[in-house]
Amino acid sequence: MYIKPYIHFKGNRMKVSSFFKRAAIVLLLPVFCFAKSNAEELIFSDSAQISLLTCSPGKIAYEKFGHTAIRVWDQSMGIDVVFNYGLFSFYTNNFYYKFVKGETDYMLGATTTDAFLPEYAHRNSSVTEQVLNLTAKEKENLLQALILNYQPQNRVYRYNFVYDNCSTRPRDLIMNSVDGVVIFPKTNSVDKTFREYIETYVGWNTWLMFGIDIVFGSVSDVYVNKMTTMFLPEILMDEFKDAIVVLPNDSAHYLVKDENILVHQNGKKVSKVEGNLSPLLRPIGISTLFLLLGILITYWDLKRKRRNKIFNFILLLVSGLTGLIAFYLAFFSLHPMVQSNYNLLWLNPLNIVAAFIIWYRPWYRVLFYYFIIYILMLLGALAVFALNVQSVNVAFIPLIVLLIVRSMHWLINRRNSQFKIKIKNLLKKRSAPKFH
């Protein structure tokens, strides 16, 4: 979001009306000048500084991973603005469809620092400023890159959660603006996969992580290199602390010369577990309860020698619909982490069809063979998870076992029914009167 300043042009000079002087995005003024004349140069005082801002995670899903922005501050010229690559709108046409498909467009926005900081103070997120150790030429390079990016034809970009987001864009701009080579000497003590890094921020036994693990495929289980880990704002900040710029003459200096906390958190950090949910209401608790319920229903069905079609219908329909979403993402979405998803072995979209066939007796023979194949797929899913081909959410195991139990029960019940029918037919033939 931004407030468009009221601009007056007079020859080569410009000024902002006093009404907007405090809240206007003063840095946008050079943008208009730059668009008007490429030959015009931007002049900053010696005290001007450019900083990397890192905002700690919030409670809402899209706040869970924090945020990164770039601050440009020249006190003597009254310039104090934040460039932010994290703007998007829920009101975009077909936003949710585009989001699921991986066609979400984000935008570079600009606002005053006075307007930017209160938003994060309100959600109780800290904001850390790292003042960059840049020469006048490097500052000019970075500012020109930001202005070019802010041009209407350039400010919108195709967002990618891992490879092109609000954290990677500032990093790349800064690295490309320095005259030397930026080196990150810090070594990660523990190698992690994409999924493990995300779990660090989301929490392992949360419904958000449960949903992520359903749609994320085996691609998310590869180990992440140093540069790629910086898709997370706090890791980018941590790497910048010790980053070194090596110049062409082999001299070197730290990339960050000062660090300040602009917004402090009040009290404890944001919890990774949703609210005050009881353990029984978290994924593992709910899936275990479903398994126990399924076992009790199966025992009762065996005792009565019948099938609970309503329970089977709900189980097959829910698993099939969930599988349909995972299938669509795996084969049609542009998100890189959802490919090669072995969850489709147990979340089979064909379960939707099976859910309705159980009400239609003439198709029971087809359903019999379907459950044989489906049991093999369920066992295959357990093998894939056991061999660590793809990481598994622990809450999936009770659900897979439940699907195996109900599928086996259908086969046993169907076979017994067929056997009874054959016995009845045989007895009828033997007891039928013979006429000569």
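Throughout this description, residue numbers start from 1 for each chain and increase along the sequence as written. It should be noted that, the model being predicted, local features are given only for residues of pLDDT at least 70 and side-chain atom pairs only at 80 or more, the latter also being counted only at that level, while totals for whole chains, interfaces and linings use all residues. Hydrogens and waters are ignored; side-chain quantities use all the structure's heavy atoms.

Engineer: What's the story with the pattern of salt bridges in this structure? I'm lost.
Structural biologist: Between side chains of opposite charge, pairing is possible as soon as their charged atoms come close. Every case where a carboxyl oxygen of Asp or Glu lies within 4 Å of a side-chain nitrogen of Lys or Arg is listed as a salt bridge. By the definition in use, this model includes 11 salt bridges. Here arginine 169 makes a salt bridge to aspartate 164, at a shortest N to O gap of 2.7 Å. For arginine 169, a relative accessible area of 22% translates into the label partly exposed. A salt bridge links arginine 195 to aspartate 213; the shortest N-O distance between them is 2.8 Å. Of this pair, arginine 195 sits in helix H6 (residues 194-202) while aspartate 213 sits in helix H7 (residues 207-215), placing them 18 residues apart in sequence. For the residue pair arginine 195 and aspartate 213, the accessibility class agrees, reading buried in each case. The buried label applies to any residue whose accessible area, calculated with a 1.4 Å probe on protein chains only, is under 20% of its type's maximum; exposed applies above 50%, and partly exposed to all values in between. Only DSSP runs of H or I with at least four residues qualify as helices, and only runs of E with at least two residues qualify as strands; both kinds are numbered from the N terminus onward.

Engineer: Honestly, the packing of helix H4 (residues 136-150) against helix H5 (residues 168-177) in this entry has me stumped. Any pointers?
Structural biologist: Between two packed helices, both the angle of their axes relative to each other and the distance between the axes serve to describe the pair. Two elements in contact, H4 and H5, have axes whose closest approach is 8 Å; the angle formed by their N-to-C orientations is 140°. Overall, the two elements H4 and H5 adopt an arrangement that is oblique. Here the hand of the crossing between H4 and H5 comes out right-handed. Packed against H4, whose contacting residues are Glu138, Asn141, Leu142, Ala145, Leu146 and Asn149, the element H5 presents Arg169, Leu173, Ile174 and Ser177 at the interface. Of the residues contributing to the contact of H4 with H5, the split by class is 5 nonpolar, 3 polar and 2 charged. Fitted lines through C-alpha atoms serve as axes, helices being fitted only where they are in contact, and the angles separating the N-to-C directions of these axes extend from 0 to 180 degrees. For classification purposes, angles smaller than 35 degrees are called roughly parallel, those larger than 145 roughly antiparallel, those between 65 and 115 roughly perpendicular, and all remaining angles oblique. Note on convention: the crossing is left-handed when the near helix lies turned anticlockwise from the far helix by less than a right angle, right-handed when the turn is clockwise. Any two residues whose heavy atoms approach within 4.5 Å at even a single point are treated as in contact. When residues are grouped by polarity, Ala, Val, Leu, Ile, Met, Phe, Trp, Tyr, Cys and Pro land in nonpolar, Asp, Glu, Lys and Arg in charged, and all others, Gly among them, in polar.

Engineer: How do you make sense of the sheet that holds strand E9 (residues 181-183) when you look at a structure like this?
Structural biologist: Within the open sheet, the 3 strands sit side by side as E9-E10-E11. Their pairing is antiparallel. The two strands at the open ends of the sheet, each matched to only one other strand, are E9 and strand E11 (252-254). With strand direction ignored, the average angle separating the axes of adjacent strands in the sheet is 30°. Pairing of E9 with strand E10 (residues 244-246) involves 3 bridges; the strand directions are antiparallel. Across the sheet, residue valine 181 finds its bridge partner in E10, namely valine 246. Any two strands are treated as partners once DSSP identifies two or more bridges connecting them.

Engineer: Please clarify how the sheet that holds strand E3 (residues 49-55) should be interpreted in this entry.
Structural biologist: Pairing is antiparallel in the open sheet, where 7 strands are placed in the order E8-E6-E5-E4-E3-E7-E12. Since the sheet does not close on itself, it has two edges, and those belong to strand E8 (156-158) and strand E12 (256-263), each with one partner. Ignoring which end each strand starts from, the neighbouring axes of this sheet average 25° apart. Across 3 bridges, the pairing between strand E6 (residues 105-112) and E8 is antiparallel. Looking across to E8, one finds that methionine 107 is bridged to valine 156. On top of the sheet, helix H3 (residues 113-122) reaches E3, strand E4 (67-74), strand E5 (79-87), E6, strand E7 (127-132) and E12; it is set at about 115° to E6, its chief contact.

Engineer: Sorry, what's going on with unusual backbone geometry here?
Structural biologist: Negative phi characterises most residues that are not glycine, and trans characterises most peptide bonds. Despite not being glycine, aspartate 250 has its phi angle at roughly 75°, a positive value. Here aspartate 250 lies in the loop between E10 and E11. Located in the positive-phi region is serine 340, a residue other than glycine, with phi close to 55°. Tracing the backbone through its elements, the reader meets serine 340 in the loop between helix H11 (309-332) and helix H12 (351-357). The class of serine 340 is partly exposed, set by a relative accessible area of 41%.

Engineer: Just checking my understanding: could you explain the confidence of the model for the protein for this structure?
Structural biologist: Predicted coordinates in regions of low pLDDT should not be interpreted in detail. The predictor reports its confidence for every residue as pLDDT, a score running from 0 up to 100. Mean pLDDT for the protein: 83, with 81% of residues reaching 70 or above. This model gives residues 1-41 a pLDDT under 50, and the stretch forms 66 contacts once residues within four places in sequence are excluded. Low pLDDT, under 50, characterises residues 419-423; the predicted model gives this stretch 1 contact beyond four residues in sequence or across chains.

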